[in-house]
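In case you want the letters, here they are:
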Amino acid sequence: MVIAAVTGLWSLYARRLEEWNVRAPLVMVLAGIATGLVTPAIAASLDEGVAQHVAEIILAVLLFVDATEVHGGRLFGAEPGMAVRTLLIAMPLSLVAAVWLGGLLLPADLSWAALLVIACALVPIDLAPAESLVRDRLVPARVRDVLNVEGGYNDGIVSPIFAFALILAGTSSPADTPLEALATAVPSAVKAVGCGFAFGLGVAWLMNLAERREWVTGQSRRILVVALPLFTYTATVELGGNGFVAAFVCGIAFRFLRQVAPRKGMKVVAQTPELQLLEDTAALLTVGMWFFLGNVVVMTVREGVGWKVVLYCLGVLTVVRVVPMLLAMIRSSTSVRERLIIGAIGPRGTTSIVFGLLAFNDLPSGELADTALTTMTLTVIASVLIHGPGAVIIGRVSHHELSGNLPSKRT
């Protein structure tokens, strides 16, 4: 009832609130905190299997949406070199740095696999808390492009690593060694890639065929695209594959055949109309996750948080992201300021929430599961505050610093 009411009120005043840089994530978190204070029993539902399954479905939809949202008609956007450096160099370095920092600051009895689970939940960025900043024309176009590509692909790339670490550290698998975990994770990932490409290309080809023969309507196309990631995830899981990887690969394959390699005579576009319903559905699903995060905040504060955990979360948002980004961009065409801007704009959001909930449910109960949930909560809340209302400051500073280096017209 509260989610529906707050969502409706936010929708009525969305434009005005966005002018004040107050976006839906912040509104829903505050609503969740208020509800959690009045009804503390909500937090108990975190231990139920239903919450985990709902989170899994939401993540599958988000992974598909992310894979289809990269603009420009290219696999890695308009700046492929920078995007590859960000995804294949900076992100692995950030994971290693997060594991190392966790070993220093988090409880000593956490294994490296558990630290990797936490790192996989906290490193991927989500542009939802800083959407206005990413769309701001004051931020250089190449920076916005790289962030869009990173936000679209990083959670899909991290998913198999997260699954491997969770198999090794969690309770749902008997794997005791990295080799046993790989023996489970690798075949699952291979099946996922095969299913993702098959379903994505197959449905895209059928949609192109149905459009040529005028069998479909605008509404039926939109409904089919909503059903595609749900079917891909559930079918892949039934076949023993990683449903998250499959949903992500399916989005890439679907986007390629529908947008990058369209049928003869079809105009190449950055977004196809049938994606609109799916994007709105994903946005509505994530509203519930932000509300749930507010409930978790109440539970986390009541149980108390140590200063080392707080320091770890702040480190993940700053040093763990900025330093790897600077190293990855060495000898690239980007300036030092552009590298710092890309590192500073690293919001965490729904992906971290879902990974954190999955880790909380699958890791052994006690300090390990509580640490995963606490670090996720603190990191995402800090990101909402920094990259939401604070986004304007980052945008103005980046514009001022970049424009200060440009020669004047007279020069």
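If you're wondering where the values come from, they're calculated on a predicted model, not measured in any experiment.

Summary statistics for the protein give a mean pLDDT of 82 and a share of 82% for residues scoring 70 or more. Predicted confidence for residues 260-271 stays below pLDDT 50, and this span has 18 contacts to residues more than four positions away or in other chains. When the criterion is pLDDT under 50, residues 403-411 qualifies, and its contacts beyond four places in sequence or with other chains add up to one contact.

Right, let's talk about the packing of helix 5 (residues 80-105) against helix 13 (residues 307-317) for a bit. Running from N to C, helix 5 and helix 13 cross one another at 165°; their axes reach a closest spacing of 10 Å. Classed by the angle they form, the pair helix 5 and helix 13 counts as roughly antiparallel. By crossing handedness, the relation of helix 5 to helix 13 is classed as right-handed. For the pair formed by helix 5 and helix 13, the contact residues are A98, L101, G102 and L105 on the first element and K308, L311, Y312, G315 and V316 on the second.

Another aspect to go through is helix 10 (residues 218-238). For helix 10, with 21 residues, the first-to-last C-alpha span of 31 Å sits near the 30 Å given by 1.5 Å per residue. At A227, helix 10 shows its maximal bend, which comes to roughly 25°, and the proline P229 appears one to four places after that position. Every buried residue of helix 10 is accounted for by V225, V226, L228, P229, T232, Y233, A235 and T236. Backbone geometry just downstream of helix 10 places G240 in the positive-phi region, at approximately 90°.

The tally for this structure, following the rule as stated, stands at zero disulfides. C195 forms no disulfide, and the closest cysteine sulfur to it belongs to C250, at a distance of 10.0 Å.

Our focus in this paragraph is the pattern of salt bridges. Inspection of every chain in the model, using the stated rule, returns four salt bridges. Of the charged contacts, one joins R142 and E338 as a salt bridge, the two residues approaching to 3.6 Å between their closest N and O atoms. A residue pair is termed long-range when its members are at least 10 positions apart, and R142 in helix 8 (residues 141-169) and E338 in helix 15 (residues 336-344) qualify at 196 residues. Salt bridges sharing partners connect three or more residues here, namely E211, R221 and R258.

In this section: the packing of helix 16 (residues 350-362) against helix 17 (residues 367-387). The contact between helix 16 and helix 17 brings their axes to 8 Å, and the two run at 170°. Compared by their axis directions, helix 16 and helix 17 come out roughly antiparallel. Where helix 16 crosses over helix 17, the two elements pack in a sense that is left-handed. Mapping the contact onto sequence places S352, I353, G356, L357, A359 and F360 in helix 16 and A369, D370, A372, L373, M376 and V380 in helix 17.

Procedures and definitions
- Residues numbered from 1 in each chain as written.
- Predicted model: local features only at pLDDT ≥ 70, side-chain atom pairs only at ≥ 80, totals over all residues.
- Heavy atoms only, no water.
- pLDDT = per-residue confidence, 0-100.
- Contact = heavy atoms within 4.5 Å.
- Axes fitted to C-alpha atoms, helices over the stretch in contact; angles between N-to-C directions.
- Helix = DSSP H or I, 4+ residues; strand = E, 2+ residues; numbered from the N terminus.
- Parallel < 35°, antiparallel > 145°, perpendicular 65-115°, else oblique.
- Left-handed = near helix turned anticlockwise from the far one by under 90°.
- Expected span 1.5 Å × (residues − 1).
- Bend = angle between axes of the 7 residues up to and from the residue.
- Buried < 20%, exposed > 50% of the residue type's maximum accessible area, 1.4 Å probe, protein only.
- Disulfide = S-S within 2.5 Å.
- Salt bridge = Lys/Arg side-chain N within 4 Å of Asp/Glu carboxyl O.

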